[in-house]
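Topology and contacts: notes
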Amino acid sequence: MREEENKRSSKNEENSFDLQSFLKKRWVVPAVYLVAAAGVLSAVLFMQGGDESSAPGEGVEVVDPSQDGMYGEEAVEVTAANEVVKKPVVEEEGIEVVVHYFDEAGSAEEKEQALVYYNNEYRQNKGIDFGHVENASFDVVAALSGTVLKSEKDALLGYVVEVDHDNGIVTHYHSLDKVDLAEGEVVKQGDVIGQAARNLYNQDAGVHVHFAIRQDGIAVNPSDVFEQPIDSIGDAVKKQQEAAEAEEEAPAEGTEPAEGDGEDKPAEEKPDALGDEDEVEVETPAEDEDGAEDSDEEENTIG
């Protein structure tokens, strides 16, 4: 009897010893924690699966962010903010400037090359007219990404497209052949807008496109901002305004300080910069091509 009790006692001791050895192993405790965590997570997921409040409400559209077009408008704005201003042509080979931008600070010769003769008047060109050396048509593309503000045919200017780039910046494309853009349509930089054509306003330019950049209605010389960030347009406008203010504050041309009483007296007359023989008869410059849309449209429309 005592012998059997001793055997049972030693057997219990062996079992107790085995359990202690098992618990002393390093991987046991982490394994227990993982099993417990898995159990808790399963319980939470099970409870959420039966809760209808976690599902989208009726009428709520679930959109996959990976789908094309998601945040499309925002993407265009971000892209445009990082763009540099490009010329409105696909390839520059064979393309030349047929009428330059009228710069108030330019020389007499440069100003003469920036006048458009229409309706018996010389008008300042507040953009750049590009043409092909062979007077052939060519693709006109968006200089910047943006949204179409205007797309229509004008009696004098041909097809006209205006693209908005936010912050008051608008690019103008005149003298185009038929275009298929609608107002509100988004265009990306380099997208074809139309083809260069002729118009009645500047017939001497032949086949061309008139390209202009304006911010808050103020024209900017495109040559000053080509290959520059879009923010350079605002800088160019600021410089123009500062130059205009400085010119207003400067003494009037043809006067010089008088001696004694401080009054101004006429200075000696200076010869014309072009010379008497080379003088070009130019009437007071009227509105530029962008303003020609407001003029009387007595001419026939372009075919």
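In this report, we go over the structure that sits alongside the text. (Residues numbered from 1 in each chain as written. Predicted model: local features only at pLDDT ≥ 70, side-chain atom pairs only at ≥ 80, totals over all residues. Heavy atoms only, no water.)

This part is about the pairing of strand E2 (residues 115–118). Of the pairings in the sheet, the one linking E2 to strand E3 (residues 121–124) comprises four bridges and is antiparallel in character. Within E3, the residue paired with Tyr117 across the bridge is Tyr122. Hairpin connection from E2 to E3: two residues lie between these consecutive antiparallel strands, with Asn119 at a positive phi of about 55 degrees. (Pairing = 2+ DSSP bridges. Helix = DSSP H or I, 4+ residues; strand = E, 2+ residues; numbered from the N terminus.)

The subject of this paragraph is the packing of aromatic side chains. Going through the model one piece at a time under the given rule, you end up with five aromatic pairs. Each ring, one from Tyr118 and one from Tyr201, has its centre 5.3 Å from the other, and the planes form 45 degrees; the classification is tilted. With a gap of 83 residues between them, Tyr118 in strand E2 and Tyr201 in the loop between strand E10 (192–195) and strand E11 (208–215) connect regions that are remote in the sequence. Both residues of the pair, Tyr118 and Tyr201, belong to the buried class. Between Phe130 and Phe226, the aromatic rings sit 6.5 Å apart at their centres with planes inclined by 50 degrees, giving tilted as the arrangement. Here Phe226 lies in the loop between strand E12 (218–220) and helix H5 (231–249) and Phe130 lies in strand E4 (residues 128–132), a separation of 96 residues in the sequence. Here Phe130 matches Phe226 in class, with each residue buried. Taken together, the aromatic side chains of Phe130, Tyr173, Phe211 and Phe226 make up a single cluster linked through ring pairs. (Phe/Tyr/Trp six-rings, centres within 6.5 Å; stacked < 30°, edge-to-face > 60°. Buried < 20%, exposed > 50% of the residue type's maximum accessible area, 1.4 Å probe, protein only.)

Quick look at a negative patch on the surface now. Together, Asp103, Glu104, Glu109, Glu110, Glu112, Asp224, Glu242, Glu245, Glu247, Glu248 and Glu249 make up a negatively charged patch on the protein surface. For the negative patch, the secondary-structure elements that each account for two or more residues are helix H4 (108–112) and H5. Broken down by element, the negative patch gets its largest block of residues, five residues, from H5. (Patch = residues over 30% accessible without salt bridge, like charges linked within 9 Å, V, L, I, M, F, W, Y side chains within 5 Å. Areas by Shrake-Rupley, 256 points an atom, 1.4 Å probe, with all protein chains shown as cover. Salt bridge = Lys/Arg side-chain N within 4 Å of Asp/Glu carboxyl O. Lys, Arg positive; Asp, Glu negative; His and termini not counted. Charge placed at Lys NZ, Arg CZ, Asp CG, Glu CD.)

Enumeration according to the criterion identifies five salt bridges in this entry. Salt-bridge contacts for Glu227 lead to Lys86; the nearest nitrogen and oxygen are separated by 3.2 Å. One end of the pair, Glu227, is in the loop between E12 and H5; the other, Lys86, is in the loop between helix H3 (72–81) and strand E1 (95–99), with 141 residues separating them in the sequence. Since its relative accessible area comes to 46%, Glu227 is described here as partly exposed. The partner of Lys87 in a salt bridge is Glu92, with the nearest N and O atoms 3.3 Å apart. Taken together, the shared-partner salt bridges connect Lys150, Glu152 and Glu162 into one network.

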